[in-house]
Amino acid sequence: MINALVEMFSYAFIVRAVIVGLLVSLCAALLGVSLVLKRYSMIGDGLSHVGFGTLAVATALNIAPLSISIPATVLAAFLLLRISENSKIKGDAAIALISTGALAIGIMVISFTTGMNTDVYSYMFGSILAMSTSDVTLSVALAVVVLVLFIFFYNKLFGVIFDENFAKATGVKTFLYNMLIAILTAITIVLGMRMIGALLISSLILFPALTSMRICKKFKSVTICAACVSLASFFIGIVVSYSYATPAGASVVIVNIAAFALFWLINSLKRRT
């Protein structure tokens, strides 16, 4: 086992993937707890479609993908909250409106330019080979920013998540903190999409939070447990992917599903005793 790990980490592209993947998994787990508790969990799926659409357009136009996708997905997150709060189009309808529109535009541009090439497929299904050195540098920097902002505003986010009306009554600018959550989520999704894929990236947000909630009950313990589950699941998934030549993104998600099943079983056994 140790020899296999040594061999695995002798490849530079795997080292890059693990570094970025662990950071993205940590960010996704922390934000996932907030999104699930606020019932914003589907925003991750919606933004992943937006991210794929913009990455596809950038690839078709031969533009640096992350430089286009990150600001476009952040803008989509802003629009989602504005539409949801200030119009008759609410929640899942707003997500469907923006995500399917962006996806359709991306597919249409691809059909008229490069077609469904290898780069586009890597965005859809994920590929650890897609991470270049410049991508790693940008991803690490942005992931650190996400983590720092989450930790720095932890107390405010806690108040907004559990009792938004009370927080608003005490003078907290709740929309700004909801916006912060959405923006950090958008950045995390775009960073993780290169490896996990647009079709699977939202699972990194959902599964660790839901898994930890099977056993933990307090916000802090749920957040810490979700982070640990997410990091462990990603690492095990990458090892499985390397060992058995399976897709990295799907391997990580399968491990997350197994972790959820295990925690659910433990919780069921605890209730019976």
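Provided above is the structure to which this section pertains.
The structure presented is a predicted model; accordingly, all values stated were derived computationally and were not measured.

Conventions used here
Residues numbered from 1 in each chain as written. Predicted model: local features only at pLDDT ≥ 70, side-chain atom pairs only at ≥ 80, totals over all residues. Heavy atoms only, no water. Helix = DSSP H or I, 4+ residues; strand = E, 2+ residues; numbered from the N terminus. Rg over C-alpha atoms; globule rule 2.2 N^0.38 Å. Buried < 20%, exposed > 50% of the residue type's maximum accessible area, 1.4 Å probe, protein only. Areas by Shrake-Rupley, 256 points an atom, 1.4 Å probe, with all protein chains shown as cover. Axes fitted to C-alpha atoms, helices over the stretch in contact; angles between N-to-C directions. Left-handed = near helix turned anticlockwise from the far one by under 90°. Contact = heavy atoms within 4.5 Å. Nonpolar A, V, L, I, M, F, W, Y, C, P; charged D, E, K, R; others polar. Core = buried A, V, L, I, M, F, W, Y, C linked by side-chain atoms within 4.5 Å. Parallel < 35°, antiparallel > 145°, perpendicular 65-115°, else oblique. Expected span 1.5 Å × (residues − 1). Phe/Tyr/Trp six-rings, centres within 6.5 Å; stacked < 30°, edge-to-face > 60°. Polar contact = N/O pair within 3.5 Å; in protein donor to acceptor, adjacent residues only side chain to side chain.

1. A closer look at the overall build of the protein
In step 1: In terms of regular secondary structure, the protein is built from 13 helices and zero strands.
In step 2: Listed N to C, the secondary structure of the protein is α-α-α-α-α-α-α-α-α-α-α-α-α in terms of helices and strands.
In step 3: For 273 residues, the compact-globule estimate of 2.2 N^0.38 gives 19 Å, and the C-alpha radius of gyration of the protein, at 19 Å, lies within 12% of that figure.
In step 4: C-alpha atoms of the protein, sized along the principal axes, occupy 50 × 50 × 30 Å.
In step 5: The buried share of the protein, reckoned over its 273 residues, is 48%.
In step 6: For the protein, the computed accessible surface area is about 13100 Å², with 71% contributed by carbon and sulfur atoms.

2. Some words on the packing of helix 2 (residues 12-37) against helix 12 (residues 219-244)
In step 1: For the pair helix 2 and helix 12, the least separation of the axes is 9 Å and the interaxial angle reads 145 degrees. Classified by chirality, the crossing of helix 12 by helix 2 is right-handed. On helix 12, the residues touching Ile14, Ala17, Val18, Gly21, Leu22, Ser25, Leu26, Ala29, Leu30, Val33, Ser34 and Leu37 of helix 2 are Phe219, Val222, Thr223, Ala226, Ala227, Ser230, Leu231, Phe234, Ile238 and Tyr242.
In step 2: Across the contact of helix 2 with helix 12, the residue classes break down as 17 nonpolar, five polar and no charged.

3. Here we look at the nonpolar core
In step 1: The biggest cluster of nonpolar side chains holds 78 residues, and the ones touching the most others in it are Val33, Ile43, Leu47, Ile70, Leu80, Leu157 and Ile187.
In step 2: Residue contacts for Leu80: discarding those within four places in its chain leaves Ile43, Leu47, Ala94, Ile95 and Ile98.

4. Quick notes on the packing of helix 11 (residues 201-212) against helix 13 (residues 248-272)
In step 1: Where helix 11 contacts helix 13, the two axes come as close as 9 Å, and the packing angle between them is 15 degrees. Between helix 11 and helix 13, the interaxial angle falls into the category roughly parallel. Where helix 11 crosses over helix 13, the two elements pack in a sense that is left-handed. Contacts from Ser203, Leu204, Phe207, Pro208, Leu210, Thr211 and Ser212 of helix 11 reach helix 13 at Val252, Val253, Asn256, Ile257, Ala259, Phe260 and Phe263.

5. Side note on the side chain of Ser212
In step 1: Within the secondary structure layout, Ser212 lies in helix 11.
In step 2: In contact with Ser212, not counting residues within four places along its chain, are Val222, Cys225, Ala226 and Phe263.

6. Some details on helix 10 (residues 174-196)
In step 1: Spanning 23 residues, helix 10 covers 31 Å between terminal C-alpha atoms, matching the ideal 33 Å at 1.5 Å per step.
In step 2: Counting buried positions along helix 10 gives 20 out of 23 residues, so the element sits mostly inside the fold.
In step 3: Following helix 10 by one or two positions, Gly197 has its phi on the positive side, about 100 degrees.

7. What about the packing of aromatic side chains?
In step 1: This structure, assessed with the given rule, holds eight aromatic pairs.
In step 2: Pairing Tyr11 with Phe13 gives two aromatic rings, centres 5.9 Å apart and planes at 50 degrees, and the pair type is tilted.
In step 3: Overall, the relative accessible area of 36% leaves Tyr11 in the partly exposed class.
In step 4: Both rings, one in Tyr154 and one in Phe219, keep their centres 5.6 Å apart while their planes meet at 40 degrees; by these two values the pair is tilted. Of the two residues, Tyr154 sits in helix 8 (residues 154-162) while Phe219 sits in helix 12, which places them 65 residues apart along the sequence.
In step 5: Exposure remark for Tyr154: the relative accessible area of 23% places this residue in the partly exposed category.

8. Topic: helix 13
In step 1: Taking 1.5 Å of rise per residue, 25 residues should cover 36 Å, and helix 13 covers 37 Å from first to last C-alpha, within 8% of that figure.
In step 2: Within helix 13, burial applies to Ala248, Gly249, Ser251, Val252, Val253, Val255, Asn256, Ala259, Phe263, Asn267 and Ser268.
In step 3: Each element contacted by the buried residues of helix 13 is listed here: helix 10, helix 11 and helix 12.

9. Examining the side chain of Ser230
In step 1: Secondary-structure assignment places Ser230 in helix 12.
In step 2: You can call Ser230 buried: its relative accessible area is 1%.
In step 3: Looking at Ser230, its side chain comes within polar contact range of the main-chain oxygen of Ser25, at 2.8 Å.
In step 4: Ignoring sequence-local partners within four residues, the contact set of Ser230 consists of Ser25, Leu26, Ala29 and Pro208.

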